[in-house]
6 protein chains.
Amino acid sequence: MLRLSPEGYYRFTQADRFEATYGGAEANVAVSLSNFGVDTAFVTKLPENLIGDAALNAVRKFGVDTRFIKRGGGRLGIYFLEKGASQRPSLVVYDRKSSAFSLSEDSDYNWDEIFNGAKWFHFTGITPALSDLTAGICLKAVRKAKEMGLTVSCDINYRKNLCSKEKAREVMTELSKYIDICIANEEDAADVFDIHADNSDIQSGVIDTNAYAQVASKLCKKYGFKMTAITLRSSISASDNNWAALISDGVNYEISKSYKIHIVDRVGGGDSFGAGLIYSLLNGRDMKEAVEFATAASCLKHSIEGDFNLVSIKEVNALMAGDGSGRVKR
Amino acid sequence: MLRLSPEGYYRFTQADRFEATYGGAEANVAVSLSNFGVDTAFVTKLPENLIGDAALNAVRKFGVDTRFIKRGGGRLGIYFLEKGASQRPSLVVYDRKSSAFSLSEDSDYNWDEIFNGAKWFHFTGITPALSDLTAGICLKAVRKAKEMGLTVSCDINYRKNLCSKEKAREVMTELSKYIDICIANEEDAADVFDIHADNSDIQSGVIDTNAYAQVASKLCKKYGFKMTAITLRSSISASDNNWAALISDGVNYEISKSYKIHIVDRVGGGDSFGAGLIYSLLNGRDMKEAVEFATAASCLKHSIEGDFNLVSIKEVNALMAGDGSGRVKR
Amino acid sequence: MLRLSPEGYYRFTQADRFEATYGGAEANVAVSLSNFGVDTAFVTKLPENLIGDAALNAVRKFGVDTRFIKRGGGRLGIYFLEKGASQRPSLVVYDRKSSAFSLSEDSDYNWDEIFNGAKWFHFTGITPALSDLTAGICLKAVRKAKEMGLTVSCDINYRKNLCSKEKAREVMTELSKYIDICIANEEDAADVFDIHADNSDIQSGVIDTNAYAQVASKLCKKYGFKMTAITLRSSISASDNNWAALISDGVNYEISKSYKIHIVDRVGGGDSFGAGLIYSLLNGRDMKEAVEFATAASCLKHSIEGDFNLVSIKEVNALMAGDGSGRVKR
Amino acid sequence: MLRLSPEGYYRFTQADRFEATYGGAEANVAVSLSNFGVDTAFVTKLPENLIGDAALNAVRKFGVDTRFIKRGGGRLGIYFLEKGASQRPSLVVYDRKSSAFSLSEDSDYNWDEIFNGAKWFHFTGITPALSDLTAGICLKAVRKAKEMGLTVSCDINYRKNLCSKEKAREVMTELSKYIDICIANEEDAADVFDIHADNSDIQSGVIDTNAYAQVASKLCKKYGFKMTAITLRSSISASDNNWAALISDGVNYEISKSYKIHIVDRVGGGDSFGAGLIYSLLNGRDMKEAVEFATAASCLKHSIEGDFNLVSIKEVNALMAGDGSGRVKR
Amino acid sequence: MLRLSPEGYYRFTQADRFEATYGGAEANVAVSLSNFGVDTAFVTKLPENLIGDAALNAVRKFGVDTRFIKRGGGRLGIYFLEKGASQRPSLVVYDRKSSAFSLSEDSDYNWDEIFNGAKWFHFTGITPALSDLTAGICLKAVRKAKEMGLTVSCDINYRKNLCSKEKAREVMTELSKYIDICIANEEDAADVFDIHADNSDIQSGVIDTNAYAQVASKLCKKYGFKMTAITLRSSISASDNNWAALISDGVNYEISKSYKIHIVDRVGGGDSFGAGLIYSLLNGRDMKEAVEFATAASCLKHSIEGDFNLVSIKEVNALMAGDGSGRVKR
Amino acid sequence: MLRLSPEGYYRFTQADRFEATYGGAEANVAVSLSNFGVDTAFVTKLPENLIGDAALNAVRKFGVDTRFIKRGGGRLGIYFLEKGASQRPSLVVYDRKSSAFSLSEDSDYNWDEIFNGAKWFHFTGITPALSDLTAGICLKAVRKAKEMGLTVSCDINYRKNLCSKEKAREVMTELSKYIDICIANEEDAADVFDIHADNSDIQSGVIDTNAYAQVASKLCKKYGFKMTAITLRSSISASDNNWAALISDGVNYEISKSYKIHIVDRVGGGDSFGAGLIYSLLNGRDMKEAVEFATAASCLKHSIEGDFNLVSIKEVNALMAGDGSGRVKR
């Protein structure tokens, strides 16, 4: 997607220029993984025009393999982002109807070829929510992925403006059969899977981690996920958030350090967590290490402009090791 | 429409920010007329979101009456503009499918109310080409306009990526019954009305004005237009154009001075001509004066960034009076 | 006024470009009210040049009626704003001597016509402080306003660099006879009306709300105001402020929620409070609702660049309803 | 003066930022001379505020001695510049009333100290036109300069919005007694000294150099100037000018090469000519060399943003020597 | 290399920001070929820091294979570019001493692996001129290339500030034994190979194409090049150039169309010619087609910001086919 | 040095423009002192090119005497700065090898002339660390300074990437013989002088001021410094720091107020402390006043973009006097 954002804290109607970057849930994960040195391919469909070219170049720049990006009919999805501050929330205006990707068809993707040699397939709940076409493509992909022995992860990422809770539940329930690693936040669990944390008040920012550990555990048990990770954001204001996460295998759980974050750009925070988790699990880290790495990685994302998490393993490790003091590195 | 344009001469893939302005054929005419001091209302439909608000504010800023702008379903049409230079042409990537306006319905516009007290109705050929809905709305509007005694003008503005020549011809032929003043360029006449200038070679930039006077005359006669104006652009390069126009009432014609223009932004050049012509005819100027005013106004537009022609009557008059030397005014 | 401000946190001498916006106490109130959907006209005098045009367009953009803006002799007042951060305060360098408005004369404004159909007249203490001419115009306006049954509100807004305390007291005492709703901050009450809060230390940021309730009450009683609102800013640093307000009718008082604000741009904060108060009282809200709405509205202003408060009723209501967590709205 | 200019070719009303630079006729000459390695002091009065500091720093940056700049009452003069293109002229909106300099008094300048060790005093006709105060200061300065043996040069620089032709003539006639080197353009000669070139049509851009040689000669004879230089601009459009100059000692004259200039910024073009001329004459070059150097220097100025001519002697010499091909210097 | 360039036409001392792009002779050719759809790998050495990463990403963005880019000791070469206009030339200040590449050693590059499956090897005369190390690497590379059957092309690109003519001649003479396709301009032929065009005057812009055909022919014969291409630039000013080229196989020659170019950015013009030529010859086009394609491609480059030629085959073909009128493509 | 920094919080690879400012430890001190009204000369060597000119102009702008700046061989040192936020640290990539200054020789500086009339000589530990040449120059300078009766101050400023601790200790030990006033931070004391604070944990931000008073005292005693000042930074994050300092004469010590700083730009913070200290001691302030002034000055520096501390004595005094509330100054 093309992301269009007024500079600084301008409102849309004040802006006579928009910062133009490219992103989107799965693209963000792909770029972050590539920055961690993982061979990553991004699969999507982009329009056959110069704006589509620009989007492709934007992910290719970070080393993501773009061979499987189909080009053709439709437009590039857009979202407008107005960055909030203090009590004023950030606003997203979606404009992604009729995107080339949402109109893409089964025949656009040859999963045998795409998955050849791959170990992991990641998608988010946004993709099946875009259209029945993409829901079908997702189902085909996860079945083929399991068949070919890939690990499948999914970030639920429920967006109420894309489809109803009922529809999301129906679609995700079927897809969940093929999912190994589930990533969700507190709202996803409630909205899509109807599994609730009892003692949490999202608006107030108070989070009861035990309650969320239960939620994660229940998700593992009910849907057969090997692991479920839940990100825990408490929003003090548009400028300051606390950020942590936990992971459960249905039996045990691990909870990460919590970070007080002064926000530069929080869009893509969840995706950067997903990338950190996949990287960790791909490299055999245990639950504790994985959730710490993923949380530290996504903590850093909040200090970076744009959707993409442009940090290296070395930088994440430094933060995990306790260096969050922000002293100048010379 | 929202116009998104890389800064300066950057190509799309180089741009990490887009200049964001608002425009569109009829909006451009409205703003230009308002800058000439004419009471002008703009009729369209904009989405009910912050991007729609920004578009509305952009025309309201210049004094255009926005009371008749309907808000509701659909998106804001977008076009991406990459400014060319020298031998590299400017490129437009349209992204206006499913715009709120193209989805608007008859019931969105109360023409009795809109035309109450009005003297002139202007539209362009882009509007009926957007959808069958908007074609029907146009037809209803022009019929009502004639019924209520308004002068009707239309800038043909044929865009091949919006509809086929055949479709355009069919729709415009019906609408032409209600049109008093027709504005076209050499391609419009040929593509939509199948009336050709014999000795012109657009690519080479050689223009035979007599041939175009014949074209204008034929259009008046065949379709009953009171006047037909034809703009004459010879494109030396993306940086330099010659610009003139002629107007015919079917019997006589007048041709304007020709301007050698060093281009700042040529989008909206035709619309600014239309506004100049309407202003002149509304104020009782004769054909010679009208075509000179309109051509001088649109000459100045080429030196102004964005779609809108932000010049005053005084500035147009100064150029008409021969002061094109560009000496500093202190 | 034209506001010229270095980008970001640059000091004047570092800046090779200034952000150019337009504002001023009464203009800010007008724009904010227009954004709340209130029909609002702005009355002033602007120079008859392109800079005056730009200022006029800047308020017209937001739907403010500009019919009563007189054009003519003098210059556009300017203020230079250097944004502070942390311990470094924001600095304002005024350059508004000989502005067209300060030179305007009685005959420039036809109050019968201006007030025809109007319900409310708002001005600030800056206007009578500009010149004897404008003080006279103010007096004429408030008398006519009362005569024609308008509610009159005034934000005291004392600026020591515009006139002496003594002069301000003299002029405001006369004007106060016609004022229904008075808005002030702690310094205004002391400087202009010589009414003091006993236990407040502005520099330290400690505010005793009871003391201010007494001040407001005394103002109502002494000058016959129907209501007096007092804004309570405690400045932690140029980057962080606490913000609240109270309102009194001389008998009872209501105090708003207090907001911890991370500042984007605090200029116009008081004006946005005034607009929120006027909107509330115009719409029949009681003192408690009014002071909460006005404070929430002005809290949001601090997150918005420029003088104008560009927020909608919906956004203010959301904050009043408790959603200040700044979570992304999608 | 502070110069405020929309970026690129934006009109004032489109600009949400202004480029902020500093300049003014005499400052421009001082900076250019300093760039040529001449020890130069700039004498003026600036307000005692941060905007005044910024102006002072702007000339100090280029090595101009700022010791004699008086600080005190009044404001910094401002001019707004909208850059034209093609047929659209550049526009200047002056806002310099009540500038600290125009209010300065005799006692602000100690000419004995200022001229101590100096060889040359340069001023322009703008200074005496600002106020009777500055006219008096000029007269005092030129008398003292002559007394102390300095060469005095003056660029007539008539601005009709500053004073009437009659007033200018009166003041300049008195000052001319002390002027050695006079710089003028065709309009100055006519407006201020009532000496006309017979066969020139400024608007059309046709210039008869013989006629101007006569004008220069007459000026020398009538006012006793040792030399008079006349700059010859023919304005093809706001984007393209031809530029040349001639110099006469009343007997002989020399005319420079003519340059076809593609304009970046033409403000300060005349001042850069003055600086080139002073440099040449200070260094003993003859009339031919002087007029060629000055014209080449000012030709280069037209390619430089801002008022100041930021070129070195080496660069001017290269152009004089015939290298105007613009090939990349590596 | 990192290219640092003031915005627009600012001089270095005026700039408080530099546009930062990446480029360099061979990188430019690689990116242009990749934009033409050719599989291209770029071989160099970049420092092991974040600036090196940024440079690598800049070419990877356009699909260039970066696997063979060695990372390690040294810095990233920099060049500062000040864009000229009209009579003021563009200036380049090189700062590339001790670049990682210039310090690279034989062992950094495994040519067997790099050339495996490749058809063409291109380098420029800048590389062997950087250091004895890189001269040795070049020699090793061309020998291996010939051994493995690759076509070898070289753009002479002589830079007098890198090495003496004598040194260049010595090194290039040895390398020439392995070169199939030689690209040069008139100065290269003279400075490096001491082969002169008799009737050309570079400064004046007059070019005698016959003379250059002789030069090309002589180069083929003396050094055994299969083909020699010579680019013909006549520089009217920094803003306007004429541009053409010819190619000879020692017997016959073909000369391209000549283009009058209004310059946006001329750096990389020669490299884009090289890329066009390689593309053409790789795809079996004959000399006439090749020189026309390469000249049209490089003509377009002059309208594009930065070192890289960001045009597609389709765009070059359109210009070759005669469409240089710059009409808007919608 | 030229400092190149992506705008806002962009990472290097995201930036297509760099903010270009000039700075460096000693230059920063010189500019700050000049802003305090102290006559200051800066002694260095800059390359003889336009980038060197720009660097010279950058300090001259603030009134620093540049007569003793030598021009000649080598390049301008560069450092790339990526501004951190929250948990992401700021990063500096140095690129200063082979700078003109590091290559400068004894004969470039005539200390007799430079020190003629001077009272104070300040240098930092960076200078002798650059090269053996500059270490020798430093030694010569301090000896001459002592001989001519100047006070000598040194900010240790140890940079591990410039030289080893062992080398630094050796060089600084010799230089220390001539130093009157030593400025250090906790790391400098440990790394260079092997004097440690027992109970401090830099990463955690906990600082034991008593321990540092001991360190300062020991330094005075061991090396014979008249005074040693130690800056105490506790880094909460890249966005928030606490900042204080202490000074000891070996017997007594004074500790400043501590400031909670919201950071705009912390580079040059230490240098601004040095300038504040020198100013205070030059003007006869006692240890308490000096450390308070220096700390307040450097607190303000953290709110200012670029290396230079652009504040006046008046502003520092206001903060010292307790006004850190950041209220707008009108």
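Residues numbered from 1 in each chain as written. Chains lettered and ligands numbered in written order. Predicted model: local features only at pLDDT ≥ 70, side-chain atom pairs only at ≥ 80, totals over all residues. Heavy atoms only, no water.

Undergrad: For this particular structure, what's the right way to read the relation of the copies chain C and chain A?
TA: Superposition of the two copies of the chain requires a rotation about an axis together with a shift along that axis. Expressed as a screw operation, the relation of chain C to chain A combines 0.0 Å of axial shift with a rotation of 120 degrees, fitting to an RMSD of 0.0 Å. What we have between these two chains is a three-fold relation. In terms of C-alpha distance to the rotation axis, chain C has C:G8 as its closest residue, with the C-alpha 5.2 Å off the axis. Interface overlap between copies: only 4% of the residues of chain C at the interface are likewise at the interface in chain A, consistent with a contact formed by different surfaces. (Least-squares fit on C-alpha atoms with pLDDT ≥ 70 in both. Contact = heavy atoms within 4.5 Å.)

Undergrad: What's the story with the interface of chain C and chain A in this structure? I'm lost.
TA: Frequently, the measure chosen for interface size is the accessible area that the parts lose on association. With 25 residues of chain C in contact, the opposing surface of chain A contributes 29 residues. Regarding the contact of chain C and chain A, the summed buried area is about 2,500 Å², with carbon and sulfur atoms giving 51% of it. Considering only the surface of chain C that becomes buried against chain A, C:R327, C:V328 and C:R330 emerge as the three largest contributors, covering 32% of it. For the pair chain C and chain A, the number of links is three salt bridges. Here A:E186 makes a salt bridge to C:R327, at a shortest N to O gap of 3.8 Å. If you look at where chain C meets chain A, you find 13 residue pairs in polar contact (both at pLDDT 80 or more). (Buried area = accessible area lost by both parts, 1.4 Å probe. Salt bridge = Lys/Arg side-chain N within 4 Å of Asp/Glu carboxyl O. Polar contact = N/O pair within 3.5 Å; in protein donor to acceptor, adjacent residues only side chain to side chain.)

Undergrad: I'm lost on the pattern of salt bridges in this one. Help?
TA: One pass over the full model with this rule turns up 167 salt bridges over all chains. With a closest N to O distance of 3.4 Å, A:E7 and D:R17 form a salt bridge. Residue A:E7 is located in the loop between β1 (2-6) and β2 (17-22), and its partner D:R17 is located in strand β2 (residues 17-22); the two belong to separate chains. In this pair, the class of A:E7 matches that of D:R17, namely buried. For C:D132, the salt bridge identified is with C:K167, shortest N-O distance 3.0 Å. (Helix = DSSP H or I, 4+ residues; strand = E, 2+ residues; numbered from the N terminus. Buried < 20%, exposed > 50% of the residue type's maximum accessible area, 1.4 Å probe, protein only.)

Undergrad: I'm lost on the sheet that holds strand β2 (residues 17-22) of chain F in this one. Help?
TA: Backbone hydrogen bonds hold the strands of a sheet together, and the pairing may be parallel or antiparallel. The eight strands lie next to each other as β6(E)-β5(E)-β1(E)-β2(E)-β2(F)-β1(F)-β5(F)-β6(F), forming an open sheet whose pairing is mixed. Two strands in the sheet have a free side with no partner beyond their single neighbour: β6 (91-95) of chain E together with β6 (91-95) of chain F. Adjacent strand axes in the sheet meet at a mean angle of 25 degrees when their direction is disregarded. Across three bridges, the pairing between strand β1 (residues 2-6) of chain E and strand β5 (residues 78-82) of chain E is parallel. Looking at the pairing, E:L4 lines up with E:F80 of β5(E). (Pairing = 2+ DSSP bridges. Axes fitted to C-alpha atoms, helices over the stretch in contact; angles between N-to-C directions.)

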